[in-house]
Amino acid sequence: MNKLLRVSLACLFLFTSFWGNAQTVVTGKVTSSEDGSPLPGVSITIKGTTKGTSTDEKGTYKLSVPANSTLQASFIGFADAEQVVGNRSVVDFTLSSDVKSLNEVVVTGYGSQIKRDLTGNIVKIKSSEIQDMPVTTFEQSIQGKAAGVQINQGTGKLAQGIQVRVRGQSSVSASNEPLYVLDGIPMTQGDLGINGGDTNPLVDINPQDIESIEILKDASAGAIYGARAANGVVLITTKKGKSGKTKVSFGMQYGKSTPTKILKFLNTQQYIDFYRTAAANSDAIDGYDKQDPDSYTSYMESFFDTQSLGTLGTAKQADTDWGSLAFQEAPSAQYDLNLSGGNDKTTFFISGQLLDQTGILLGNAFNRMTGRMNLNHKVSERLSIGMNMGLTRSLNERVSGDRQFDNPLQLVALPPMTPATDPETGLPTGTAPGDISIPVYYNAMINIGNAYYNTTVHRNINSVYGELSIMKGLRFRTEFALDLLNQQEEQYYNSKTQRNFGAPLGYGYNRFVRVENYNTNNYFVYDDVFGKHGINATAGLSYQNSQTKTNAAEGRDFPSDAYRMIASAARKTDASSTQSDYRFASYFTRVNYKFNDKYLLGLSARIDGSSRFGADNRYGFFPAVSAGWVLSEESFLKNIEAISFLKLRASWGKTGNAEIGNFPQLGLFTGDAGYAALPGQRPSQLANPSLGWETTQQIDIGLDFGLLKNRINGEIDYYEKNTTGLLLNVNVPGTTGFSTQTKNVGALTNKGFEFVLNTDNLVGQFKWKTSLNASTNKNKITDLQGQVIEGGLANMSRAVEGQPLGTFFTVEYAGVDPANGDALFYKNTKNPDGTIDRSTTKTYSQAQRTVIGSPLPKWVAGVTNTFSYKGFELSVFFNGVFGNKLNFYGVGRFSSANGRFEDNQTVNQLAAWTPQNTNTNVPQARLFFNNGAQASSRFIEDGSFVRLRNVTLAYNLPKSLVSKVKLSNVRLYVTGQNLLTFTKYSGWDPEVNADDVVTNIALGYDFYTTPQAKTFMGGLNISF
């Protein structure tokens, strides 16, 4: 017995000695070899056992292990790695990609996921894909790079609003723009200007500060943003510091821009010949003798003499190319400096940028200074805190809206015989004290030095956070952010501009807008792996409060042109102030479940409450469900070498649209009903306490694939979006005292396919990669309760049941009567038997309007080819838009419609009908006659185009060379933007949306709209 006791005690001693002395607590971090980013969810096990753990969202782990044990790290999409612990207490792993792209960490909103595990449709655009591009705002840099996302710059003016559409148009009257979220915080977005086209608050973000852009396209990805996700969600993540030696990077760019196209208009001799013919044709119709002082010919001869300032027919006769004078030299310069680094406890990223850009349009320029500081600090093993701070100051020297006479591009309408400068005064023609009635329209060149329209913005986007690890796999995060935007618009026009503003002694206007946008997010995240099960869960709440205040003042009559502030105006002619607020209170949750690394399930929901909706319908519920099946992990496919990865996914979800203004649900009064010098108010809006959200239900079915060790990979998706409860002003009985009320009526659909294909064509020393995306979309209004909503120039655009939003609806042009040069139109009237009368008529009123086409493209595409050899890199990027129509009527009626007015004509009007030229589509030129100048399909053209969007050639100097001067990297590059455009469109540019015309319904209009800029840039990046 004593012997047995002694043996037992000895065994117990050895056992306790082993575990007491040989057990070690090991910590570590797992990162990607590609970019050093942390990898969450990596399985860390003790080799030969089932004991292990997984990394948290920061890629860190903690595990007790026996001495001399070996740790194994494994993660889907990466090659396994193992290390002997030995005497170490810190064991870090760097995993190399096994299947490319599957290792990417994708931001999903209140969290992140590995791309392999996604069940929703999210496209990620990395900083490397947009670096060094000569753009003002980041939306330009992602144009054509994401399937299902159409981006239309609309105009070549700097810092103007850009139209972004994710899977089509989802609303008739509310916003169709996606929600933008910067580092987890919904931003202030949308136009804050008063006129001259939409301003773009997103221009306050420095594209060089962006680490990645994720676009949430389907409902399962976006539903966690609930009532504001119907148009998609764009998540912008800024760069963060990484532990290690401080890295300093400096970059500079210099370049020059020119218009992508300058339209050709008639020169002086062509103009005179054309209008003499047009006047003679009109005389023949009205029976005038051309010598009659009342004849059209006499009028035009007098007009020629007046407009030429008496030099017509002399050697000094002017031949002014006004179209070229509308543009200016457009140099640009950009300087970037950033520092990043830190240690295991604190990391930082600090950046600054100076951008100085001159626009191609006369008088347009943009200057921006930005600064950013992102800090992260690990207080303890359990608590981390941090802050993101971005500061911007920008000055936009703007020009007037496209439809205003002082828009520089409207110079093309001036007669070419009119000199640009008055020979007697040396001032631009039409400047006081000269004859301000000449030229025939206002000379926009007068504005240079005599007027300005400046918009200055100070933007401060700050956020702070704290994150506490409560227990294994469970953490709590709290965030608070302030987006503070101050915008000041200053307009001044001195006495020399009196013809344009009717203010002989000067006009001044000043408007100040202040937006305070507060946001807080508080949520729990649980992330753990146990056996074959993996779970990631998020639950929390969000609150947002935004307040906008405006103050404006106007003054007229200044003592002299030296005075420009309203304080000096003799008459303070107008003033106003406004305030508008809105609030969102939200609760959200999401659960992602994974079984055996091949069966995926996602559930999410959000409850949104908004001050914008009626008391009876203030809260909305937005659920989503998605599932994925990794087929390539199944035994029947796992051993097929050609298939690297194959995943089938499907989703359904419901999202909302709340972007309709702040008070549509309320009964409003307006205080403008004063009488006999006494104040008064009046009812101005009928209340609707039942007003609710526009709701979009979306299904998505997708296939992700990788072939031949993922050298070929991509995605195929089909989606349907059905929007109901459209927010519209509908007619109500007159007994209510009102004509309309905002209600939830109507429905529309979007459906389409998306294709993504990435290939590694060559993988040796000479590398060649191709990235292709293409998408289709079919938009259709299915219910408007019989309403027809019209808009655009001459009401040529419609929202009507059975057609796409913004369908062009007008008279159909039938060409020219070869016998007499009359413009002809198809009648398109109904015959008694119900058939359509396709006979033609020269009488415009006898023709019925009909559907002509849609401004919405049928499909869009982008393709990038990247070549690299040793230190050289060449990237060539094309994108295209196909199947849409554009409306040139705004320009065409006045500048290319057979002498409708005295405006100069585009050169194609030289093909007008004459007795010797009867086979033409251009009617006979007739001064002051509407011979084909009426609104019709004559001015609606194919807007399809293919554009060489970007070409970049770069050279990275050899490391062996730059290291000798203590540098880590030197990169030289040249880049070109919008170099070539292939299109049949006859206007300046097919990527157009006139800024004073465009609405949700009125799309695809050109009205003296500035073309896109063609830019050449050279740059240098240095790091050490």
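Description of the structure in this document.

Each value, and the rule that gives it
- Residues numbered from 1 in each chain as written.
- Predicted model: local features only at pLDDT ≥ 70, side-chain atom pairs only at ≥ 80, totals over all residues.
- Heavy atoms only, no water.
- Helix = DSSP H or I, 4+ residues; strand = E, 2+ residues; numbered from the N terminus.
- Rg over C-alpha atoms; globule rule 2.2 N^0.38 Å.
- Areas by Shrake-Rupley, 256 points an atom, 1.4 Å probe, with all protein chains shown as cover.
- Lys, Arg positive; Asp, Glu negative; His and termini not counted.
- Charge placed at Lys NZ, Arg CZ, Asp CG, Glu CD.
- Contact = heavy atoms within 4.5 Å.
- Pairing = 2+ DSSP bridges.
- Axes fitted to C-alpha atoms, helices over the stretch in contact; angles between N-to-C directions.
- Salt bridge = Lys/Arg side-chain N within 4 Å of Asp/Glu carboxyl O.
- Buried < 20%, exposed > 50% of the residue type's maximum accessible area, 1.4 Å probe, protein only.
- Phe/Tyr/Trp six-rings, centres within 6.5 Å; stacked < 30°, edge-to-face > 60°.
- Lys NZ or Arg CZ within 6 Å of the ring centre and 35° of its normal.
- Parallel < 35°, antiparallel > 145°, perpendicular 65-115°, else oblique.
- Left-handed = near helix turned anticlockwise from the far one by under 90°.
- Nonpolar A, V, L, I, M, F, W, Y, C, P; charged D, E, K, R; others polar.
- Polar contact = N/O pair within 3.5 Å; in protein donor to acceptor, adjacent residues only side chain to side chain.
- Expected span 1.5 Å × (residues − 1).
- Core = buried A, V, L, I, M, F, W, Y, C linked by side-chain atoms within 4.5 Å.

**Looking at the overall build of the protein chain**
Part 1: For the protein chain, the count of helices and strands is 11 helices and 54 strands.
Part 2: For the protein chain, the C-alpha radius of gyration of 33 Å lies close to 31 Å, the compact-globule estimate for 1024 residues.
Part 3: Put simply, the protein chain shows about 42,800 Å² of open surface, and 57% of that area lies on carbon and sulfur atoms.
Part 4: The protein chain carries 94 positive and 90 negative side-chain charges, and their two centres are separated by 9 Å.

**Examining the side chain of Asn688**
Part 1: Position of Asn688 relative to the elements: it lies in the loop between strand S31 (682-685) and strand S32 (694-707).
Part 2: Setting aside chain neighbours within four positions, we find Asn688 in contact with Gly614, Gln665, Gln741, Thr742 and Lys743.

**Concerning the sheet that holds strand S1 (residues 23-32)**
Part 1: The sheet built from three strands is open, its strands ordered S4-S1-S7 with mixed pairing. In this open sheet, the two edge strands, each paired with only one partner strand, are strand S4 (60-66) and strand S7 (93-95). The mean angle between the axes of side-by-side strands here comes to 35°, regardless of whether they run parallel or antiparallel.
Part 2: As paired elements, S1 and S4 share seven bridges and run antiparallel to each other. When the sheet's bridge partners are listed, Thr24 is paired in S4 with Val65.

**Observations concerning the pattern of salt bridges**
Part 1: In this structure the tally under the stated criterion is 49 salt bridges.
Part 2: A salt bridge links Asp402 to Lys157, with the shortest nitrogen-to-oxygen separation between them at 2.9 Å. With Asp402 in the loop between strand S21 (383-397) and strand S22 (451-471) and Lys157 in the loop between strand S11 (149-152) and strand S12 (163-166), this pair connects stretches of sequence that are 245 residues apart.
Part 3: Using a relative accessible area of 0% as the deciding quantity, one classes Asp402 as buried.
Part 4: With its nearest N and O atoms 2.6 Å apart, the salt bridge here joins Arg838 to Glu812. One end of the pair, Arg838, is in the loop between strand S45 (836-837) and strand S46 (840-841); the other, Glu812, is in the loop between strand S41 (807-811) and strand S42 (813-816), with 26 residues separating them in the sequence.

**What to know about the packing of aromatic side chains**
The description of an aromatic ring pair rests on the distance of the ring centres and on the angle between the ring planes.
Part 1: By the definition in use, this model includes 41 aromatic pairs.
Part 2: Between the NZ or CZ atom of Arg612 and the centre of the ring of Tyr582, over which it lies, the distance is 4.1 Å.
Part 3: When the ring centre of Phe809 is taken as origin, the NZ or CZ atom of Arg798, which lies over that ring, is 3.7 Å away.

**Brief notes about the packing of helix H5 (residues 268-286) against helix H6 (residues 296-307)**
Part 1: At a closest axis distance of 8 Å, the pairing of H5 and H6 adopts a crossing angle of 155°. Looking at the two axes, H5 sits roughly antiparallel to H6. For the crossing formed where H5 meets H6, the hand is right-handed. Here Tyr271, Ile272, Tyr275, Arg276, Ala279, Ala280, Ser282, Asp283 and Asp286 of H5 lie close against H6, whose contacting residues are Tyr296, Thr297, Met300, Glu301, Phe303 and Phe304.
Part 2: Among the residues making up the contact of H5 with H6, the classes are represented as nine nonpolar, two polar and four charged.

**Brief notes about the environment of Trp652**
Part 1: Here Trp652 is to be found in strand S29 (residues 643-657).
Part 2: Since its relative accessible area comes to 31%, Trp652 is described here as partly exposed.
Part 3: For Trp652 and Gln698, which are 46 residues apart along the polypeptide, the C-alpha to C-alpha distance reads 5.6 Å.
Part 4: In this structure, Trp652 is in contact with Pro623, Ala624, Val625, Gln697, Gln698 and Ile699, ignoring residues within four places of it in sequence.
Part 5: One polar contact links Trp652 to Gln697, side chain to side chain, over a distance of 3.2 Å.

**A closer look at H6**
One full turn of an α-helix is made of 3.6 residues, so residues set three or four places apart face in the same direction.
Part 1: Taking 1.5 Å per residue as the helical rise, H6 with its 12 residues ought to reach 16 Å, and the 16 Å between its terminal C-alpha atoms agrees with that figure.
Part 2: When we look at burial in H6, the residues that qualify are Tyr296, Thr297, Ser298, Met300, Phe303, Phe304 and Gln307.
Part 3: Where H6 is buried, its residues touch H5.
Part 4: Directly beyond the C-terminal end of H6, a positive phi value near 55° is found at Leu309.

**Examining the environment of Tyr518**
Part 1: Of note, Tyr518 is situated in strand S24 (residues 507-530).
Part 2: In this structure Tyr518 comes out as partly exposed when scored by relative accessible area, which is 33%.
Part 3: On a C-alpha basis, the gap between Tyr518 and Asn462 in space is 9.9 Å, while along the polypeptide they are 56 residues apart.
Part 4: Of the polar contacts made by the side chain of Tyr518, one reaches the side chain of Glu516; its length is 3.4 Å.

**Some details on the pairing of strand S26 (residues 571-595)**
Part 1: In this sheet, S26 lies alongside strand S25 (residues 533-556) in antiparallel orientation, the contact comprising 24 bridges. Within S26, the position partnered with Ser542 by the bridge is Ser586.
Part 2: Note: S26 against strand S27 (residues 599-610), 12 bridges, orientation antiparallel. What sits directly across from Asn592, in S27, is Gly602.
Part 3: Between S26 and S27, which pair antiparallel and follow one another directly, the connecting turn spans three residues, one of which, Asn596, has a positive phi of 60°.

**As for the nonpolar core**
Part 1: Within the largest apolar cluster, 58 residues are counted, with the highest numbers of intra-cluster contacts made by Phe304, Trp988, Tyr1005 and Tyr1008.
Part 2: Going through the elements one at a time, H5, H6 and helix H10 (889-895) are the ones with two or more residues in this core.
Part 3: At six residues, H5 tops the list of elements feeding residues into this core.
Part 4: Phe138, Met187, Val234 and Ile461 belong to the second largest nonpolar core, which has 22 residues in total.

**Considerations on the sheet that holds strand S43 (residues 823-826)**
Part 1: Taken in spatial order, the three strands of this open sheet run S42-S43-S46, and their pairing is antiparallel. Lying at the two open borders of the sheet, with one neighbouring strand each, are S42 and S46.
Part 2: Bridging between S43 and S46 involves two bridges; their strand directions are antiparallel. Each bridged residue has a counterpart across the sheet, and for Phe825 the counterpart in S46 is Thr841.

**A look at unusual backbone geometry**
Part 1: Cis geometry marks the peptide bond from Ile438 to Pro439; its omega dihedral reads 5°.
Part 2: Relative to the elements of secondary structure, Pro439 occurs in the loop between S21 and S22.
Part 3: In this structure, Lys966 takes a positive phi of about 65° despite not being glycine.
Part 4: According to the relative accessible area criterion, Lys966 is exposed, its value standing at 71%.
Part 5: Notably, Tyr1008 is not glycine yet its phi reads approximately 50°, a positive angle.
Part 6: Within the secondary structure layout, Tyr1008 lies in the loop between strand S53 (969-983) and strand S54 (1013-1023).

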